[in-house]
Amino acid sequence: MSQNAERTLVLVKPDGLQRGLAGTIMSRLENRGLKLVASKLIHMDESLAEAHYMAHKDKPFFPGLVKFITSSPVLAMAWEGKDSVRVVRNTMGATDPTKADPGTIRGDMAIDIGLNLVHASDSTDTAHQEIQLFFSKTEILEYTRDIDRWIIES
Ligand code: UDP
Ligand code: MG
């Protein structure tokens, strides 16, 4: 991994794929300068969903959230770049799309909290755990991009 770079997990949730917004969401992250290092289309089962959303297991919305995230495939991705956890959270916008800033993924393309299109890790620690949950070591690829010298100051 390049200097100062970190990785974060992003999911295009079932609503994003059903609405045909996976490409648009990936483009937002590519345009920001982040590098895709892993991706897979996966129909999450209950045990993966419960592990992924463990932090919310006592919340009233938990059963509905598990049902929703397992209802149809998701696109799981790991994105790498400078401050990628914070940068992706900012690019995604607030959890409640009605409060998400215009220009963010949720602020431009969603309106309901339960149908907010994307998941992204909220800290470097959770990013590490979540990436491990979805990807094996060999599924995460190291490569250089020639364009990076025009995106990242050396
Ligand atoms: N969620 C919900 N109702 C709520 C709060 C959260 O349906 O009142 C869902 C929503 O899809 C959200 C997910 O649970 O994205 C995880 O919640 P979190 O607070 O971690 O938000 P996020 O990190 O996705 O912004
Ligand atoms: Mg969260």
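What comes next is a walk through the structure.

### Comments concerning the sheet that holds strand β2 (residues 35-42)
In space, the 4 strands of this open sheet follow the order β2-β3-β1-β4, with antiparallel pairing throughout. Looking at strand neighbours, the two that pair on one side only are β2 and β4 (118-120), the edges of this open sheet. Along the sheet, successive strands turn relative to each other by an average axial angle of 20°, direction set aside. Across 8 bridges, the pairing between strand β1 (residues 5-12) and strand β3 (residues 74-82) is antiparallel. Among the inter-strand pairings, L11 is bridged to a residue of β3, identified as A76. In the packing of helix α2 (residues 22-32) onto the sheet, the strands contacted are β1, β2, β3 and β4, and the crossing angle to β3 comes to about 10°. Packed onto the sheet, helix α5 (residues 84-92) meets β1, β3 and β4 and runs at close to 35° relative to β1.

### Notes on the site of ligand 1
The local shell around ligand 1 consists of K13, Y53, H56, F61, L65, R89, T95, R106, I113, G114 and N116. Separating an oxygen atom of ligand 1 from a side-chain N or O atom of T95 is a distance of 2.5 Å. In this structure, an oxygen atom belonging to ligand 1 sits 2.9 Å away from a side-chain N or O atom of N116. About the coverage of ligand 1: the protein hides 77% of its 510 Å² of free accessible area. Tallied by class, residues from the shell around ligand 1 come to 4 nonpolar, 4 polar and 3 charged.

Cut-offs and rules
Residues numbered from 1 in each chain as written. Chains lettered and ligands numbered in written order. Predicted model: local features only at pLDDT ≥ 70, side-chain atom pairs only at ≥ 80, totals over all residues. Heavy atoms only, no water. Pairing = 2+ DSSP bridges. Helix = DSSP H or I, 4+ residues; strand = E, 2+ residues; numbered from the N terminus. Axes fitted to C-alpha atoms, helices over the stretch in contact; angles between N-to-C directions. Contact = heavy atoms within 4.5 Å. Near = heavy atom within 4 Å. Polar contact = N/O pair within 3.5 Å; in protein donor to acceptor, adjacent residues only side chain to side chain. Areas by Shrake-Rupley, 256 points an atom, 1.4 Å probe, with all protein chains shown as cover. Nonpolar A, V, L, I, M, F, W, Y, C, P; charged D, E, K, R; others polar.

Geometric values such as these leave the question of function open.
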